[in-house]
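Close look at the chain arrangement
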Amino acid sequence: MNIKHTIEQTLEKALPAVALAKAGGIGNIELFESKNPAFGDYFTNIGFKSENTDQITESIINPAHKFMCWDKMIDRVEVKAKGFINFFLKEDFLKDFINIILDERETFGSSDVGKGKKILLEFVSANPTGPLNVANGRAAALGDSLTRILNFAGFKAVPEYYIDDSGTQIDTLEKSISLMIKKLKDKGSLRAEGEAISFPENYYKGDYIQNIAQEIIDKNIKDIRTYSLKKIIKDQKSTLDRFGTKFDKWVYESNIRESGKPDEVIKTIKSRNLAYEKDGALWLKTSQFGDEKDRVLVKSNGEYTYLVPDIAYHLNKFDRGYQTLINLWGPDHHGYIPRIKAGISASNYPAENLKIIIVQWVTLLKKNRKLGMSKRQGKFVNLDELISEIGKDVCRYFFLTRKQESHLDFDLDLAKQTSPQNPVYYIQYAYARISSIFKFAVEQGFSLANNTNLKLSCGRHLPMWEASPDADISISRSGDLSHLRTKEEMLLIRKLIHFPEIIETCVLHLEPHHIPFYLQSLAALFHNFYEKQRVVTDDIDLTKARLKLVEAVKIVLSNGLTLLGIEAPEKM
RNA sequence: GCCCCUGUAGCUCAGUAGGAUAGAGCGCCGGUUUCCUAAACCGGUUGUCGCGUGUUCGAAUCACGCCAGGGGCGCCA
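Residues numbered from 1 in each chain as written. Chains lettered and ligands numbered in written order. Predicted model: local features only at pLDDT ≥ 70, side-chain atom pairs only at ≥ 80, totals over all residues. Heavy atoms only, no water.

The next subject is the state of the cysteines. Enumeration over the complete set of coordinates arrives at 0 disulfides. Cys-506 supplies the cysteine sulfur nearest to Cys-395, a cysteine that is in no disulfide, at a spacing of 20 Å. Of the residues examined, Cys-395 reaches a relative accessible area of 0% and is grouped as buried. Exposure remark for Cys-506: the relative accessible area of 0% places this residue in the buried category. (Disulfide = S-S within 2.5 Å. Buried < 20%, exposed > 50% of the residue type's maximum accessible area, 1.4 Å probe, protein only.)

Quick look at the structure:
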C-alpha cells in the first residue's frame, strides 16, 4: 500500500471541480515527505502553483470533503506557512500499518504500475577478450538490481547479455594467444621469461592470455580461436554467477549474423532510400535522424561494420515482443547512441522505445594513483579479484549506492581497510539482530504460526506470529499495536511506511541507489530503538506488539536487500 | 574545436523532476556492555553546495557564461 498515492488520489477526488478548473493547469496534486515533523508526515506545495492559493487551500482543508479512508488516515491538515499544506497521519493508522506490512510480506513495496509490460535489459555485454573488470561489475550490479526492481513494480523485465564474438577484436585475441603460444614454446614454456616478450601495441596482454596459451599447449588444442572464446566466456559467466547476477539469455553476435537478419536490415534501409554509396562503401543517412554525420554500414571491402548486426540485434529484441529496451552502456559508447537509434528508425522500428543508460567509469585508486582500465595492457582489476578481496555484498553495495552517472572513485586499499565498517554490514546486522530477537522470544515461550521452527537457514519468508497453545503469551494476529507509543517506535513506523514510495522513485528514474540509503536509515532507527527498548520483556502485551513491529522491519529490510541482490543473514 | 558526464563536510557520496533550518557513511575527539548480537548506541567536530550572472514567492536543484576533472568524436568494436 502506498500512502502517498492514496492521499493524492483522495485529494483529487475531494477537490471540487470548480476549484480545480479555476486553478487552471496546476496539474496533479503532488505530495512530498516532510523532513520536519512540525510539518506533518506529508506536505503539498500546490498552493504555490495556483493563483488562488487561498481557495485551493480552503478546499483541501475543508472538513466537508473528508470521506473514504480519510477519517481513518488523516489526523489533521495544517497550514503553517502560506502555500504549504501539511498532512498529519493518525497514530492509530500508523500503528495499524504494521498489519498491512505483515499481510503483504514479501510483496510489500511491490506494485502493478508496470502492468506486465515486457522490458528487455541488456547490460555488461563485455567483449569476450578478457576477464570482466570493475566497470563491468558496476553495470552488472545496476542492471541486475534494476531488473529486480522493475519486476517488483509489475513489469516483465528480462536481463540479457550480448556476446560480440566476431569482428576484429576477436582476430586480435586469436593473434595474441597464438603469439603467446609461440613464445611459450620457444622459451620452453617458462612463464617468467614469457613475460619479457614484447607484444605489438594493440595485442591483448595480461596473465589470462598466458594461462589460456598454456592450456592450449598442454591440451594440444587445434582450434585456438574457439577454445579461447569458450574459455573466456565461461570465466565471465562464472564471475557473474559469483556476483549473484543472472541472465536469462546470452545472445551471440555470430548467431545474429547467421540468422540473415543483417542482410534484411541492409535491404530494408536501401528500399527506404536511406542509404547511399560513396567511396565504395554503403552509408546510412544517420544525419537525417540527428546524428552529426552519416555512418558506414558496409565497408568498401564488402564487410559489415558492427553497426549492422547491432541494428539487427535490436530489431530482433523488438521482434521478440519487448516493448521497451533498456541498455546499460559505458561512457565510451555515448557517441554511438544517435547511430544505433538512427539505424532502428531507418528500419522502421520505434527507436524512442530504446532507452540507453550511460554508466560512468569506475576509477581505481591504488596508493593514491589512478589505475588505467585498459584491457589490452592487462592493467585492470578483475571483478573476480575484487569479489575475493571485499566480498560480493560489500562490492554490490558499493556500486549500488552511487547514481549511475556519477564517476566513481574506487580506492581499493580503503575498500579493503574499511570493509568491516561498510554500511552494508550495518543493515545486515539489523536483520540478524531481529532474527536473534525472534529466537530469544521463542525460547521465552512465544510461538510462531505455520512453522515448527524459525527456518534460520532460509528465513527470508518469515512466519507470522500467532496464537500458541499457551494462550497467555501468544501473539494473536490482531495483536494490540496500541501498546506502541514511544518515540523510537513511532519513528520506525514512520520510516516503514515510505518503503513503497522509495521503490516508486527507483522505478521512475531507473535508479536503484535510493534503496540502500533508505535501508541504512531504517537500520539506524532500528538500532536506536533496540538500544533503548527491549522487545522481549515480562510485559506480554507490549512484547507481542513489539515483535510485530520488528517483524515488519525485518520484512522491509529483506525486501530491500533482495532488490539489491544482497544477502540477509540470520546470524552474523 | 564539438558532444556527454561530474564538481556538495578532511575522504567517498545522497539530496525524491525548484520547496520550509543543507544530509549520510567513513575519519577525528569523548562516553556507554549484570539484560533480546558492542559489526551497536550516545554526545561532539566539519560546508563561500566549483565561480559569476539571470529566471521567481523560493535555487545545491532551472538557463546562460566561465573554471576544473573524466570520457567520446574511425570504412575499430
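Having put the structure on the table, let's press on.
Strand order in the open sheet formed by 3 strands is S8-S9-S10, and the pairing between neighbours is antiparallel. Across the chains shown, the open sheet's two edge strands, defined by having one partner strand only, are strand S8 (275–278) and strand S10 (295–298). Strand-to-strand twist across the sheet, computed as the mean angle between neighbouring axes with direction ignored, equals 45°. Where strand S9 (residues 281–284) and S10 come together, 3 bridges link them in antiparallel fashion. (Pairing = 2+ DSSP bridges. Helix = DSSP H or I, 4+ residues; strand = E, 2+ residues; numbered from the N terminus. Axes fitted to C-alpha atoms, helices over the stretch in contact; angles between N-to-C directions.)

Here we take up the side chain of Ser-254. Along the chain, the position of Ser-254 falls in helix H12 (residues 253–258). Ignoring sequence-local partners within four residues, the contact set of Ser-254 consists of Asp-165 and Ser-166. (Contact = heavy atoms within 4.5 Å.)

We now examine unusual backbone geometry. Its identity is not glycine, yet Arg-105 carries a phi of approximately 50°, on the positive side. Topologically, Arg-105 is positioned in the loop between helix H6 (91–104) and strand S5 (118–122). A positive phi angle is found at Asn-273, which is not glycine, with a value near 60°. When you line up the elements, Asn-273 lands in the loop between helix H13 (261–271) and S8. By relative accessible area, Asn-273 is classed as exposed at 53%.

On to the pairing of S5, then. Burial analysis of S5 places 4 of its 5 residues in the buried class, the great majority of the element. Examined bridge by bridge, S5 and strand S6 (residues 156–163) share 5 bridges and lie parallel to one another. Note that in S6 the partner of Glu-122 across the bridge is Glu-160. Once the chain exits S5 it traverses helix H7 (residues 134–152) before rejoining the sheet at S6, and the crossover so formed is right-handed. As judged from the 4 bridges shared by S5 and strand S11 (residues 324–329), these two strands associate in the parallel manner. Residue pairing in the sheet places Leu-121 in a bridge with Ile-326 of S11. (Right-handed = clockwise from strand over helix to strand, strands pointing away.)

Taken in spatial order, the 5 strands of this open sheet run S7-S6-S5-S11-S12, and their pairing is parallel. Edge positions in the sheet fall to strand S7 (249–252) and strand S12 (354–358), since each of these pairs with one other strand and no more. Along the sheet, successive strands turn relative to each other by an average axial angle of 25°, direction set aside. Strands S11 and S12 of the sheet are contacted by helix H15 (residues 337–346), whose axis makes an angle of about 170° with S12.

This paragraph deals with helix H20 (residues 487–496). Counting buried residues in H20 gives 7 out of 10 residues, a clear majority hidden from the surface. Taken together, the buried positions of H20 are occupied by Glu-488, Glu-489, Met-490, Leu-492, Ile-493, Lys-495 and Leu-496. Packing partners of the buried residues in H20 comprise H6, helix H21 (499–509), helix H22 (514–532) and helix H23 (540–564).

Moving on, we get to the environment of Lys-182. Note on placement: Lys-182 falls in helix H8 (residues 168–186). Residue class for Lys-182 comes out partly exposed when judged on its relative accessible area of 47%. Residues Lys-182 and Ile-217, 35 residues apart in the sequence, show an inter-C-alpha distance of 9.6 Å.

Before going further, it helps to examine the nonpolar core. Ile-7, Val-124, Phe-399 and Phe-410 are the most contacted members of the largest nonpolar core, which has 112 residues in total. For this core, the leading source of residues is H23, giving 12 residues. Here Phe-399 is in contact with Val-134, Gly-137, Arg-138, Ala-141, Phe-243, Val-362, Leu-386, Leu-408 and Phe-410, once residues within four sequence places are set aside. With 33 residues, the next largest nonpolar core counts Val-158, Val-298, Trp-329 and Leu-354 among its residues. (Core = buried A, V, L, I, M, F, W, Y, C linked by side-chain atoms within 4.5 Å.)

What follows deals with the side chain of Ser-347. Mapped onto the secondary structure, Ser-347 falls in the loop between H15 and S12. With a relative accessible area of 5%, Ser-347 lands in the buried category. Within the structure, the side chain of Ser-347 is placed 2.8 Å from the backbone oxygen of Gly-343, a separation counted as a polar contact. Excluding residues within four positions of it along the chain, Ser-347 makes contact with Val-265, Thr-268, Ile-269, Arg-272, Ile-311 and Leu-315. (Polar contact = N/O pair within 3.5 Å; in protein donor to acceptor, adjacent residues only side chain to side chain.)

In short, shape yes, function no, at least from these values alone.
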